[in-house]
Amino acid sequence: ILDGHVPESDDGVDVRICLDNADILKQVNSWFCGQLRTIAGPPLKSAQMLVPRHHGPLGRSELNRRAQDEALKCGRTSGAAESQHGWRPNDKILIMKNTQTYNPPPNADSRVYNGEVGWYLGRNRFQIDRESDQPVYMLPFDEYYSVALGYAITIHKSQGSEWPEVAIALPEGSADDFLDRRLLYTAVTRARTRVTLFATERSLAQAVATPSAIRDSCLACGLPSAHRLSLPVERMGKSEK
């Protein structure tokens, strides 16, 4: 990828070429449906949807809304959305900033960290997905803004994390999406075993044809999560160097 080559099945990437952004959205919805209806356990525990942007029909916000609705339809979440924030019990969540909790579990870190994922359990309880355990935390109400739905997250926010399976949506868009080789490489290397890539011929060609700009990141922020990695790494048989 970093040399400008399109990822292939031999790299562990299932590339789904779509007609346009509407077709990408249709296939992404189908992916969410399959994950939520057929795989047991907390919603999307072993998989993550990654996108390059926050807003728009294929942005993080809209895909989270759609996935939350699908989770409710198939019984993975229940009850009315709680009025302060719109989460339902069992919704997948993302921690957006390092946050001090209160009344932490015994022998557990007292903070939750930027980029960690977990599930909202209701009544101000958040279960965080970590390698050694899955502690349950409570957050001060004035820190609720530091939590968002986590069915879909931006590729930037996924840096340093990994999951068994990753799906990536690469919509066609403008140059301000920073859709380049490094972004695509970062997304693909978040997966341990399987990647499904939804893109049009144009958006995929744009990504692999655009040399990476050097941008600062928070790769080395030292988060104590099950998903934190040290980079550079070798994944899918491809080395960063």
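Right above here is the structure, for reference.
Overview of the structure. (Residues numbered from 1 in each chain as written. Predicted model: local features only at pLDDT ≥ 70, side-chain atom pairs only at ≥ 80, totals over all residues. Heavy atoms only, no water.)

1. Regarding the overall build of the protein
Phase 1 of the analysis: Of the regular secondary structure elements, the protein holds five helices and 14 strands.
Phase 2 of the analysis: Split into buried and exposed, the 241 residues of the protein put 49% on the buried side.
Phase 3 of the analysis: In the protein, of all internal contacts separated by at least 6 residues, the share reaching a separation of at least 24 is 73%.
Phase 4 of the analysis: If you sum the accessible surface of the protein, you get close to 11300 Å²; carbon and sulfur atoms cover 50% of it. (Helix = DSSP H or I, 4+ residues; strand = E, 2+ residues; numbered from the N terminus. Buried < 20%, exposed > 50% of the residue type's maximum accessible area, 1.4 Å probe, protein only. Contact = heavy atoms within 4.5 Å. Areas by Shrake-Rupley, 256 points an atom, 1.4 Å probe, with all protein chains shown as cover.)

2. A short note on the sheet that holds strand S8 (residues 136–137)
Phase 1 of the analysis: Strand order across the open sheet formed by five strands is S8-S7-S6-S3-S9, with antiparallel pairing between neighbours. The open sheet has two free edges, formed respectively by S8 and strand S9 (147–149), since each of these has just one partner strand.
Phase 2 of the analysis: Direction of pairing for strand S3 (residues 92–95) relative to strand S6 (residues 117–122): antiparallel, over a ladder of three bridges. Each residue of the ladder has a partner; that of Ile93, found in S6, is Gly118. (Pairing = 2+ DSSP bridges.)

3. Brief notes about the pattern of salt bridges
Phase 1 of the analysis: Under the counting rule described, the total for this entry stands at twelve salt bridges.
Phase 2 of the analysis: Here Glu116 makes a salt bridge to Arg130, at a shortest N to O gap of 2.7 Å. With Glu116 in the loop between strand S5 (111–112) and S6 and Arg130 in the loop between strand S7 (125–128) and S8, this pair connects stretches of sequence that are 14 residues apart.
Phase 3 of the analysis: Under the relative-accessibility criterion, Arg130 is labelled buried at 9%. (Salt bridge = Lys/Arg side-chain N within 4 Å of Asp/Glu carboxyl O.)

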